[in-house]
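Chain by chain, the residues run as shown.
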Amino acid sequence: MVELSVDIRARAGNFTLECAFEAGPGITAIFGRSGAGKSTLLRALAGLVACDRARISIGGRLLEDTDKRLRLPARARRIGFVFQDDRLFPHMSVRRNMTYGAKGETSTAFASVTDLLGLDRLLDRMPGTLSGGERKRVAIARALLSSPQLLLMDEPLASLDHARRDRIMPYLERIRAETSIPILYVSHELGEVSRLADTLVILDDGRVAAHGAAADLFARLDLGPLLGGNDTSVLLKGRVTGTDERWGMVEVDVEGRKLHLLAPPPGEEAVAPGTMLRLRVHARDVAISLAPLAGISMRNQLPMVIDAIRNEEGGAHAEIRGRIGGQFLRARVTRQTVHELALHEGMTVHALVKTISFERRLVQEHA
Ligand SMILES: Nc1ncnc2c1ncn2[C@@H]1O[C@H](COP(=O)(O)OP(=O)(O)OP(=O)(O)O)[C@@H](O)[C@H]1O
């Protein structure tokens, strides 16, 4: 089901943004280098910059159509915007900040958003007394209470350190799981994108360089410079099949192969058998062996069929992409290794991955 449909051309100074894409429910990350046009895109959707040409609709409702000379003002678009700086009113309590500009807000909506973002104990505080992460949660709550049909988030976590980002991301995951509002999420951070994005739009110099399911784009060798450069990674999907409390491990099935991963640390939600997980693995953490190895500490040895090899331009490395059932793994090795092991497309090899190399936070995958 298409929720958001965008086809726009807008200018900011000498810069031209010209892009078209569609986005369904869930989180669509807008990713790209600094100056690629990410903020301009969000501002154009929100009606904060004028477009030369635009056709924007959400769920069939037209927000802007230059051919029809239709342009809804920003306040009529039903779009919630969370800016990089949270823009809270310093003289209003958290409660009043949240309800400021709320449309059709009911006490049920207020209670559920308060609960969703864990704000119960902060409602009577003033913004000046809140931590950066708490302020962010209030800004997100305020955007949700405006009953938006689309939520735009422009690097909402950029001002926070890593620990605080990690604490806020579960709230964003809850919004995705518990509301059906499509979210466009601008980020510079591949860690955030790999964890949150269902769909990815990569912007490059004002154009859409690639657009699709996040896992598909992470697996593409040709996007290297646009998506991770020398630090590429893939997103694997797997199902928890067992837990081993004695050793603090979980067993995960990926395409019929068993992986052994670290269980979530105490204090984090346990993962029950049957849970679908998203696992991120960096290409630099994957080694290749021609045969399975015994007497080695690496717990995970995955047979895969090499389906592409790409030499790094002007460098000593190569990327190997291997197919595991319907999914892909990438390994960054030296070109010398490719030569000496005579690696070639169609060959079956064994990918060796240390347990610790699967991103430690196990992220629940949403359909
Ligand atoms: N008001 C303006 N006047 C002139 N140029 C502008 C204006 N706003 C944006 N630009 C230019 O448009 C281009 C895209 O800017 P934009 O803020 O959309 O990029 P971005 O991808 O969000 O970058 P960043 O990740 O650094 O925030 C940049 O080259 C920027 O300098």
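Residues numbered from 1 in each chain as written. Predicted model: local features only at pLDDT ≥ 70, side-chain atom pairs only at ≥ 80, totals over all residues.

## Structural notes on the overall build of the protein
For the record, the criterion: In this text, helices come from DSSP runs of H or I with a minimum length of four residues, and strands from runs of E with a minimum of two, each type numbered from the N-terminal end. This radius of gyration counts C-alpha atoms alone. The globule rule is 2.2 Å times how many residues there are, raised to the power 0.38. Three exposure classes are used. Buried residues have 20 or more other C-beta atoms within 10 Å of their own C-beta, exposed residues have 12 or fewer, and partly exposed residues fall in between, all C-beta atoms being placed from the backbone. By the convention adopted here, residues make contact when the C-beta atoms placed from their backbones lie within 7 Å.
For the protein, the helix and strand inventory stands at eight helices and 21 strands. In summary, the protein has a C-alpha radius of gyration of 22 Å against a globular reference of 21 Å for 367 residues, a match within 12%. Along the first, second and third principal axes, the C-alpha atoms of the protein reach 65 × 50 × 35 Å. Across the 367 residues that make up the protein, the buried fraction comes to 37%. Once local pairs closer than 6 in sequence are excluded, the contacts in the protein between residues at least 24 apart make up 67%.

## Remarks on the sheet that holds strand β2 (residues 15–23)
To be explicit about the condition: The pairing criterion is simple: DSSP has to find at least two bridges between the two strands. Every angle, taken between N-to-C directions, lies between 0 and 180 degrees, and every axis is a line fitted to C-alpha atoms, over only the stretch in contact when it is a helix.
The five strands lie next to each other as β2-β1-β4-β5-β6, forming an open sheet whose pairing is antiparallel. Single-partner strands in this sheet number two, and they are β2 and β6 (70–71). Most of the contacts of helix α1 (residues 38–46) go to strand β1 (residues 4–12), to which it runs at about 115°, and overall it touches β1, β2 and β4 (51–58).

## Concerning the site of the ligand
Stated formally: Put plainly, near means the residue's C-beta atom, positioned from the backbone, lies within 6 Å of the molecule or strand in question. Residue polarity follows a fixed list, in which Ala, Val, Leu, Ile, Met, Phe, Trp, Tyr, Cys and Pro are nonpolar, Asp, Glu, Lys and Arg are charged, and the others, Gly among them, are polar.
Around the ligand, the neighbouring residues are A12, G13, F15, G32, S34, G35, A36, G37, K38, S39, T40 and H188. At three residues, α1 tops the list of elements feeding residues into the shell around the ligand. Its residues placed into classes, the shell around the ligand shows three nonpolar, eight polar and one charged.

## A look at helix α5 (residues 162–178)
What counts is decided by this rule: Given a helix with a known number of residues, its expected span is that number minus one, times 1.5 Å.
Under the 1.5 Å per step criterion, the end-to-end length of α5 is 25 Å for 17 residues, consistent within 8% with the ideal 24 Å. On its buried face, α5 is in contact with β3 (27–31), α3 (107–116), α4 (132–145), β9 (183–187) and α6 (190–196).

## A closer look at the domain arrangement of the protein
Selection criterion: Bear in mind that the domain bounds are from an automatic or database domain assignment.
Once the domains are mapped, the protein shows domain 1 (4–226) and domain 2 (234–362). For domain 1 versus domain 2, the separation of C-alpha centres amounts to 32 Å. Between domain 1 and domain 2, the contact holds six residues from the first and nine residues from the second. Among the elements that take part in the side of domain 1 that touches domain 2, helix α7 (residues 214–218) stands out by supplying three residues, more than any other. Considered class by class, the residues forming the side of domain 1 that touches domain 2 number five nonpolar, one polar and no charged.

## As for the sheet that holds strand β16 (residues 286–289)
Strand order in the open sheet made by the five strands is β16-β20-β17-β18-β19, with antiparallel pairing throughout. Pairing within the sheet leaves two strands with one partner each, and these edge strands are β16 and β19 (327–334). With strand direction ignored, the average angle separating the axes of adjacent strands in the sheet is 45°. The sheet contact formed by strand β18 (residues 317–324) and β19 spans eight bridges and is antiparallel.

## Considering unusual backbone geometry
Where the residue is not glycine, phi is negative for most of them; where a peptide bond is considered, it is trans in most cases. Backbone geometry at R69 places phi at a positive 55°, although glycine is not the residue there. Tracing the sequence through the fold places R69 in the loop between β5 (61–65) and β6. Of note in the backbone geometry, A342 takes a positive phi value of approximately 50° without being a glycine. When you line up the elements, A342 lands in the loop between α8 (335–340) and β20 (348–353).

## Some details on the pairing of strand β8 (residues 150–154)
Two faces, one strand: in a regular strand the side chains alternate between the faces of the sheet. Here is the rule we go by: If you view a crossover with the strands going away from you and the path from the first strand over the helix to the second runs clockwise, you call it right-handed.
Burial analysis of β8 places five of its five residues in the buried class, the great majority of the element. The side-chain alternation of β8 yields two buried faces, one formed by L150, L152 and D154 and the other by L151 and M153. In the sheet, strand β7 (residues 79–82) pairs with β8 via four bridges, with the strands oriented parallel. Its bridge partner lying in β8, V82 is registered against M153. Here β8 pairs with β9 via four bridges, running parallel. Its bridge partner being in β9, L151 is matched across the sheet by I183. Read as a crossover between parallel neighbours, the route from β8 over α5 to β9 is right-handed.

## Observations regarding the packing of α4 against α5
Test applied: Here the word oblique covers every angle except those under 35 degrees (roughly parallel), over 145 (roughly antiparallel) and from 65 to 115 (roughly perpendicular). Note: crossing handedness is left-handed where the near helix turns anticlockwise from the far helix by less than a right angle, and right-handed where it turns clockwise.
Relative to each other, α4 and α5 sit at 25°, their axes nearing to 10 Å. The angle between α4 and α5 places the two elements in the roughly parallel class. Like other packed secondary-structure pairs, α4 and α5 cross with a definite hand, here right-handed. Of the residues in α5, those in contact with G132, G133, K136 and R137 of α4 are R164, R167, I168 and Y171. Grouping the amino acids of the contact of α4 with α5 by side-chain chemistry returns two nonpolar, two polar and four charged.

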